[in-house]
Amino acid sequence: MTLEAFSDRSRSHNPLLLAVRFLLYWVIRALVVLFRWIRFLFRPALVRYGLLIVLVAGAVAWKSLGTPAFLPWLPSDSTPGTLVSTSATTQPPPAPVVERYLQAQANFDAKGMWDTMSDPLKQRMTLANNSETQIQNALDSARQLQRNYTAITYIGGHALGSNQMVYFYVLTMKSPTGTSQIPYTFVVDQNGKISNIQWSM
């Protein structure tokens, strides 16, 4: 026996070589089957029919459920919420105490403003360095700057809990630099006094 024949015989009976050849054989067969299935699935006719089936199924789901099946996170009832609008005829009348406050401000009268406030509001204003005297100083400065309050516009009001009311006003102010409008929000307590004031310049 020649050396070449002995070497070929040894390779043919090598268990490791046989296992590798067996594994490669089945891997190649699996790849061939996979490629055949891919070609089958992506045939033009099959793709067209598949898309048609998906569209028909989506239309049926939309008709029966009211929402597309491919948007499951949307609620079945997608009607937007309805806001309730209160007409001007049902608005409460303007608050006399608020009108007195704004008229006193227009007249640069800190005492008239102070008299419309509730005792808790006066305490908070004093702690915030907005006492009656300090308000009068601010009004005097505004008068020196030729600021004039020319109009008071009542926007509306609404009842709150604990026998309180909230009112919305716009105060028009003119100065040498132009005209501006200041929105105000007032809360009036059950005693007819202003318990909270908010505004923005």
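My aim in this report is to walk through the structure given alongside it, one point at a time. (Residues numbered from 1 in each chain as written. Predicted model: local features only at pLDDT ≥ 70, side-chain atom pairs only at ≥ 80, totals over all residues. Heavy atoms only, no water.)

1. Overview of the overall build of the protein
Thought 1: Regarding its fold elements, the protein presents seven helices and four strands.
Thought 2: Going from N to C terminus, the protein has its helices and strands arranged as α-α-α-α-α-α-α-β-β-β-β.
Thought 3: When the 201 residues of the protein are sorted by exposure, 23% land in the buried category.
Thought 4: Long-range pairs, those at least 24 residues apart, make up 44% of the contacts in the protein with a sequence separation of at least 6.
Thought 5: Accessible area for the protein stands at about 15000 Å²; split by element, carbon and sulfur atoms hold 63% of it. (Helix = DSSP H or I, 4+ residues; strand = E, 2+ residues; numbered from the N terminus. Buried < 20%, exposed > 50% of the residue type's maximum accessible area, 1.4 Å probe, protein only. Contact = heavy atoms within 4.5 Å. Areas by Shrake-Rupley, 256 points an atom, 1.4 Å probe, with all protein chains shown as cover.)

2. A short note on the layout of surface pockets
Thought 1: Taken as a whole, the largest pocket holds about 380 Å³ of empty space.
Thought 2: At the level of secondary structure, the elements contributing two or more residues to the lining of the largest pocket comprise helix 4 (96-106), helix 7 (132-144) and strand 3 (178-188).
Thought 3: In terms of residue count, helix 7 provides more of the lining of the largest pocket than any other element does, five residues in total.
Thought 4: Its residues placed into classes, the lining of the largest pocket shows 13 nonpolar, three polar and one charged. (1 Å grid on protein atoms, 1.4 Å probe; cavity = no way out; pocket = protein on both sides within 12 Å on 5 of 7 lines; lining within 4 Å. Points joined across faces, edges and corners; volume = space filled by probe spheres on them. Nonpolar A, V, L, I, M, F, W, Y, C, P; charged D, E, K, R; others polar.)

3. A closer look at a nonpolar patch on the surface
Thought 1: On the surface, a cluster of nonpolar side chains totalling about 360 Å² of accessible area is made up of Leu 23, Val 27, Leu 31 and Leu 34.
Thought 2: By the secondary structure assignment, Leu 31 is in helix 2 (residues 15-41).
Thought 3: Overall, the relative accessible area of 41% leaves Leu 31 in the partly exposed class. (Patch = residues over 30% accessible without salt bridge, like charges linked within 9 Å, V, L, I, M, F, W, Y side chains within 5 Å. Salt bridge = Lys/Arg side-chain N within 4 Å of Asp/Glu carboxyl O.)

4. Topic: helix 7
Thought 1: Its 13 residues place the ends of helix 7 19 Å apart at the C-alpha level, agreeing with the 18 Å of an ideal helix rising 1.5 Å per residue.
Thought 2: Summarising the contacts, the buried residues of helix 7 are in contact with helix 4, helix 5 (110-115) and helix 6 (119-127).
Thought 3: A positive phi of about 60 degrees marks Gln 146, the residue just after helix 7. (Expected span 1.5 Å × (residues − 1).)

5. Some details on the pattern of salt bridges
Thought 1: Counted under the stated rule, the structure contains two salt bridges.
Thought 2: For the salt bridge of Lys 111 with Asp 115, the shortest nitrogen-to-oxygen distance reads 3.0 Å. Taken together, the residues Lys 111 and Asp 115, both in helix 5 and four residues apart, mark about one turn of the helix.
Thought 3: Given the relative accessible area of 48%, Lys 111 is considered partly exposed.

6. Description of helix 6
Thought 1: Buried residues of helix 6: Leu 121, Lys 122 and Met 125, and no others. For helix 6, the angular spread of the buried residues around the axis is 100 degrees, confining them to a single face. In helix 6, the exposed positions angled more than 90 degrees off the buried face are occupied by Asp 119, Gln 123 and Leu 127.
Thought 2: Tucked into the core, helix 6 has its buried residues touching helix 5, helix 7 and strand 4 (194-199).
Thought 3: Immediately beyond the C-terminal end of helix 6, within one or two residues, lies Asn 129, with a positive phi of roughly 60 degrees. (Arc of directions from axis to C-beta.)

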